[in-house]
Amino acid sequence: MCGVFGAVLPPGSETQAAAVASLGLFALQHRGQESVGIASTDGQRLRSHKAMGHVAEVFNERVLQDLAGHAAIGHTRYSTAGDTNLKNAQPLSVSCQKGQVALAHNGNLINAASIRRELEARGNIFQTTSDTEVILHYFARSRHSGIPESIADALDRVAGAYSLVMLFNDSVYAIRDPRGFRPLCLGQLNGAYVVASETCAFDMISATYLREIEPGEMVILDQRGPTSLRFAPPAQPAQCIFEHVYFSRPDSTVFGRSVQSSREMLG
């Protein structure tokens, strides 16, 4: 279980996206308390800052000033795959022939170990012990030139649960696995668009909840607004019941239902 957040602000906005992301992550702190990170872009290059600890401890005004930009993604980590250390803190950032990219992941890839052995046998070098890194390797290796096609190609090779936010120089991608196992939702804030693991993050920044990211959907957020693509055919829905029993905040709406209402009905 982890928390992910993303924001793309309109042109000319006086607010930095990293500052919005830090508030969103503060609301998602319950989803991961081991490490926290934010990656941002000003349209020219990606910057990131990650550390062990809590959001309020890591992201002060000075750190956020160094993350200038109109778009950002963030992550709060609770380790379900990989060691508890700084090298596994997310977002993970790399540079490849498709440009700079940062990735934050909530979920578990059940075939990550076998994929890693295969890629290492081919000479790939891994920087972390996180299952998330295999997505970046397949993205970089894709023969497609377009970013959406390369992402879809990479995700076609992995199996399991993933709600992802990916940051490029000019956009944020929000992606949910074909079964919709982990939550991911879309919101709007004064002309800006935001995505988060839970709607409580929208309440923190006074954003309006619009809808869930659909299973198998890839939503591209840029200066023009959201664009929806389907990267996978429909699959049998499989939603994690522990989101309502334990993981999510009571004031969130998850899988289309109030978490508080679910807990009351469960007794």
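Before any of the text, the structure's been laid out above.
Every value quoted in this text rests on a predicted model; they were computed, and no experiment measured them. (Residues numbered from 1 in each chain as written. Predicted model: local features only at pLDDT ≥ 70, side-chain atom pairs only at ≥ 80, totals over all residues. Heavy atoms only, no water.)

(A) Region of interest: the packing of helix H4 (residues 112-121) against helix H5 (residues 133-141). Packing of H4 against H5 leaves a shortest axis separation of 10 Å and a crossing angle of 50°. Taken together, H4 and H5 sit at an angle that is classed as oblique. H5 is crossed by H4, and the crossing has left-handed handedness. Side by side, H4 and H5 meet where Ala112, Ile115, Arg116, Glu118 and Leu119 of the first sit next to Val134, His137, Tyr138 and Arg141 of the second. Tallied by class, the residues present in the contact of H4 with H5 amount to five nonpolar, one polar and three charged. (Axes fitted to C-alpha atoms, helices over the stretch in contact; angles between N-to-C directions. Helix = DSSP H or I, 4+ residues; strand = E, 2+ residues; numbered from the N terminus. Parallel < 35°, antiparallel > 145°, perpendicular 65-115°, else oblique. Left-handed = near helix turned anticlockwise from the far one by under 90°. Contact = heavy atoms within 4.5 Å. Nonpolar A, V, L, I, M, F, W, Y, C, P; charged D, E, K, R; others polar.)

(B) Up close: the packing of H5 against helix H6 (residues 147-155). Look at H5 against H6: their axes get within 8 Å of each other, and the N-to-C directions meet at 130°. Taken together, H5 and H6 sit at an angle that is classed as oblique. H6 is crossed by H5, and the crossing has right-handed handedness. Seen from H5, the contacting residues are Ile135, Tyr138 and Phe139; seen from H6, they are Ile147, Ser150, Ile151, Ala154 and Leu155. Taken together, the residues that form the contact of H5 with H6 break down as seven nonpolar, one polar and no charged.

(C) Just the packing of aromatic side chains, in detail. Following the criterion strictly, the structure yields four aromatic pairs and no others. The interplanar angle of 70° and the centroid separation of 5.2 Å between the aromatic rings of phenylalanine 168 and tyrosine 173 together place this pair among those described as edge-to-face. Here phenylalanine 168 falls in the buried class, since its relative accessible area comes to 3%. The exposure class assigned to tyrosine 173 is buried, which follows from its relative accessible area of 6%. (Phe/Tyr/Trp six-rings, centres within 6.5 Å; stacked < 30°, edge-to-face > 60°. Buried < 20%, exposed > 50% of the residue type's maximum accessible area, 1.4 Å probe, protein only.)

Functional significance is not addressed by these values, which are geometric in nature.
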